[in-house]
Structures are given as C-alpha cells and as structure tokens.
Amino acid sequence: AMRDYCVFTTKRVISVNVQGMTGKKRDYTSLPYSKVSAYSVETAGVLDLDSELEMYFSGLGKVKFEFTGNSNIVAIGKAISQYILK
C-alpha cells in the first residue's frame, strides 16, 4: 500500500514520505515553484493505470510523482503552470 502523498500549495509542492512499519516516521520535502525549470505530465492509459508528473528543479534535478488513474493530472499540470509563470 502506498502511504506517500504530496500537497500542492500556491508557493510550493510538499512531498511527504511515510516511513517505517507504523508510519509514524515521516520525511517532509518542500519544493518551491520558483526553482522549477521544466515539468512534464503523463496521463494514464489503458494498460498503464497510473499518471506521472516529473518536475525539474534547478540545483536539485528531477523529481517524479506517481498518481492513481483517477487523479486529474491535467488539472494539476495547469495549476502548476499558473504558479510557475507568475
């Protein structure tokens, strides 16, 4: 079961990595939109049921997020482009 998640705010993406058997240990990573140099969106298909978001940060490199098939990845991509292009 996947317990990790991410939160999209108006200033940054906060990635939460749940660790351990009990899930009490968590790793929070703050990724500001101001450092995004490029991003790509891959929608779910017939056989590939998950969608993907790849963001490229200056000084950090590529960060990849995977979403379930019922996530609206296109809307997420549009929101990110609005925050990046401000």
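See above for the structure.
Keep in mind the model is a prediction, meaning the values are calculated, not measured.

Thresholds, definitions, all that
- Residues numbered from 1 in each chain as written.
- Predicted model: local features only at pLDDT ≥ 70, side-chain atom pairs only at ≥ 80, totals over all residues.
- Heavy atoms only, no water.
- Helix = DSSP H or I, 4+ residues; strand = E, 2+ residues; numbered from the N terminus.
- Buried < 20%, exposed > 50% of the residue type's maximum accessible area, 1.4 Å probe, protein only.
- Contact = heavy atoms within 4.5 Å.
- Areas by Shrake-Rupley, 256 points an atom, 1.4 Å probe, with all protein chains shown as cover.
- Lys, Arg positive; Asp, Glu negative; His and termini not counted.
- Charge placed at Lys NZ, Arg CZ, Asp CG, Glu CD.
- Pairing = 2+ DSSP bridges.
- Axes fitted to C-alpha atoms, helices over the stretch in contact; angles between N-to-C directions.
- Core = buried A, V, L, I, M, F, W, Y, C linked by side-chain atoms within 4.5 Å.
- Patch = residues over 30% accessible without salt bridge, like charges linked within 9 Å, V, L, I, M, F, W, Y side chains within 5 Å.
- Salt bridge = Lys/Arg side-chain N within 4 Å of Asp/Glu carboxyl O.

K.L.:
What's the story with the overall build of the chain in this structure? I'm lost.
P.N.:
Across its full length, the chain holds one helix and six strands. Taken over the C-alpha atoms alone, the chain extends approximately 40 × 35 × 20 Å along its principal axes. Across the 86 residues of the chain, 26% fall into the buried class. Sequence-distant contacts in the chain: of pairs separated by 6 or more residues, those separated by 24 or more amount to 24%. When the accessible surface of the chain is split by element, carbon and sulfur atoms take 55% of a total near 6000 Å². A gap of 13 Å separates the mean positions of the 11 positive and 8 negative side-chain charges of the chain.

K.L.:
How should I be thinking about the sheet that holds strand β6 (residues 61–67) in this particular structure?
P.N.:
Within a sheet, adjacent strands bond to each other through the backbone by hydrogen bonds, running parallel or antiparallel. As summarised here, the arrangement of the three strands in space is β4-β5-β6, forming an open sheet in which the pairing is antiparallel. Each of the sheet's edge strands pairs with one partner strand only, and the pair in question is β4 (36–42) and β6. In this sheet, neighbouring strand axes are inclined to one another by 15 degrees on average, regardless of whether the strands run parallel or antiparallel. Summarising the sheet, strand β5 (residues 51–57) and β6 pair through seven bridges and their orientation is antiparallel. Bridge pairing links E54 to K64 in β6. This element, helix α1 (residues 73–84), spans β4, β5 and β6 of the sheet and lies at about 165 degrees to β4.

K.L.:
Help me understand the nonpolar core, please; the structure alone is not making it clear to me.
P.N.:
Among soluble globular proteins, nonpolar side chains are generally buried collectively. With 13 residues, the main nonpolar core has L53, M55 and F65 as its most contacted residues. Discounting residues that sit within four places of it in the chain, L53 has contacts with F8, Y39, S40, V41, V63, K64, F65, F67, I73, I76 and I80.

K.L.:
Teacher, can you tell me more about a nonpolar patch on the surface here?
P.N.:
Together, Y5, V7 and Y28 make up a nonpolar patch on the protein surface, roughly 300 Å² of accessible area in all. With respect to the helices, strands and loops of the structure, Y28 is situated in strand β3 (residues 25–32).

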